[in-house]
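# Architecture at a glance
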Amino acid sequence: MIEKFLIGTYTKNQSQGIYQLELDTEKPALQNLQLVAKAGSPTYLAESNAHRIYAVERVMEDDELHGGVLDLDGTTLPAKEIEKIVEAGSSPAYITVDEKRQNVYTANYHTGDVTIFTITPQGLLSATDRVHDHGQVGPKPEQADGAHPHYVDISFDGRLVVCDLGLDQIFLYDLTPAGKLQLVSGLTLAPGFGPRHITYIEEMGKAYLVGELSSEVAVLNYNEETAQFEIEQIVSTIPADWTAHNGAAAIHLSSDHRFVYVSNRGNDSIVVFAVQPDGKLQPVQRVSTEGEFPRDFNFNQTEAFLIVANQNSDNATLFQRDAETGKLTLVQKDFTVPEGTCVALRKPQ
């Protein structure tokens, strides 16, 4: 079976923009890297059920840096540009699609803003709200210049969660039918935790929050009635004797809710945690990504395989995943992907 993945990248060196690669699950092997669209450092992207590809975009206009959103028709290869919405300043760090509300959300690490777009009946994007995070700045150098929202997405109860690395906080919002944000609650992590991404187990009322700067995962209890998070457990993603720099990056949960996976940039590894009956995490494996700076990774459709994009070594690594133990086994490590930063399984067409 052939499965396709979209790859977001930086375009500082050899990359030209957004790529597609194939996974042949029978061989198994990664193959057939193709350019989907030329773009400026489309470091994160998302594909809608309507096969629109929304990517962050960075361009120079009149010798001034502009950032925003690139909207592409994903039914063609190369993809056709539908629209580009940019403004002066840096590009967002995260983008996602809310299919139920027909919205697109971005988190801008550099400007401190979260922006809401609605998808109009004509299929175009229209901004409905923008908020700027506020709070106590964290103690680490990466936090010195203020708010740094790194993630915005829908929680299992339909609220919007923002992870702010600069303020060591996560914020929870209600979203009105008009696309306006209303702050509901927040949670402050230990100084220097650096919240980056979050994932959930709805039936257990658990959330798993990765801290980039502390190289930790916080296990959170979530009370849906009061819309409040509380910290239950903190676990490290790196070895106890690791002293070099590391930044935890992506976090993903297996669909059976038995295992949590986190990538480490610096230690250059994927760490596997088993979810215990009480929702707490127990480390079971740490495996090299066979490359440098694994910013993102993702499962294939059946979760029998896991693909890692190593940004600084320009390669993708393929692992086979044991569904019973959660452990990863290296399959392929030398597949060229320039400056890979995002791995997204394509929607079936």
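Here the structure is shown first, and the text comes after it.
Description of the structure in this document. (Residues numbered from 1 in each chain as written. Predicted model: local features only at pLDDT ≥ 70, side-chain atom pairs only at ≥ 80, totals over all residues. Heavy atoms only, no water.)

The next subject is the nonpolar core. Membership of the largest hydrophobic core comes to 56 residues, with the highest contact counts inside it found for Ile198, Leu209, Leu220 and Phe229. If you tally residues by element for this core, the top one is strand 14 (residues 169-175), at five residues. Dropping the residues within four chain positions of it, Ile198 is found in contact with Tyr151, Val161, Cys163, Ile170, Ala207, Tyr208, Leu209, Leu220 and Ile251. Grouped together as the second largest cluster of nonpolar side chains are 15 residues, Val210, Val235, Leu253 and Val275 included. (Core = buried A, V, L, I, M, F, W, Y, C linked by side-chain atoms within 4.5 Å. Buried < 20%, exposed > 50% of the residue type's maximum accessible area, 1.4 Å probe, protein only. Helix = DSSP H or I, 4+ residues; strand = E, 2+ residues; numbered from the N terminus. Contact = heavy atoms within 4.5 Å.)

What follows is about the packing of aromatic side chains. Following the criterion strictly, the structure yields six aromatic pairs and no others. Their ring planes at 45 degrees and their centres at 4.8 Å tell us that Tyr94 and Tyr151 sit as a pair that is tilted. In this pair, Tyr94 sits in strand 8 (residues 94-98) while Tyr151 sits in strand 12 (residues 149-154), placing the two residues 57 residues apart along the sequence. What makes Tyr94 buried here is its relative accessible area of 6%. Classification of Tyr151 by relative accessible area gives buried; the value is 6%. Each ring, one from Phe156 and one from Tyr200, has its centre 5.7 Å from the other, and the planes form 90 degrees; the classification is edge-to-face. (Phe/Tyr/Trp six-rings, centres within 6.5 Å; stacked < 30°, edge-to-face > 60°.)

This structure, assessed with the given rule, holds zero disulfides. Residue Cys163 stays outside any disulfide, its sulfur separated by 16 Å from that of Cys342, the closest cysteine. Residue Cys163 is classed as buried on the basis of its relative accessible area of 0%. The class for Cys342 is buried, based on a relative accessible area of 1%. (Disulfide = S-S within 2.5 Å.)

A separate point is the sheet that holds strand 12. Read across the open sheet, the four strands follow the order 12-13-14-15; overall the sheet is antiparallel. Only two strands of the sheet have a single partner each, and these edge strands are strand 12 and strand 15 (181-188). On average, each strand axis in the sheet is tilted by 20 degrees relative to the strand beside it, whichever way the strands run. The pairing of strand 13 (residues 160-164) with strand 14 spans five bridges and is classified as antiparallel. Within the sheet, the bridge partner assigned to Asp164 lies in strand 14 and is Gln169. (Pairing = 2+ DSSP bridges. Axes fitted to C-alpha atoms, helices over the stretch in contact; angles between N-to-C directions.)

Counting across every chain of the model gives 13 salt bridges. Here Arg159 and Asp174 are joined by a salt bridge, their closest N and O atoms 3.0 Å apart. Within this pair, whereas Arg159 is found in the loop between strand 12 and strand 13, its partner Asp174 is found in strand 14, the two being separated by 15 residues in sequence. The buried category is assigned to Arg159, whose relative accessible area is 17%. Measuring nitrogen to oxygen at the nearest pair gives 2.6 Å for the salt bridge that ties Arg196 to Glu212. One end of the pair, Arg196, is in strand 16 (residues 195-201); the other, Glu212, is in the loop between strand 17 (206-211) and strand 18 (216-223), with 16 residues separating them in the sequence. Here the two residues Arg196 and Glu212 agree in accessibility, since each one is buried. (Salt bridge = Lys/Arg side-chain N within 4 Å of Asp/Glu carboxyl O.)

With respect to the element layout, Gly211 can be found in strand 17. When near neighbours in sequence (up to four residues on either side) are disregarded, Gly211 contacts Phe193, Gly194, Pro195, Glu216 and Ala248.

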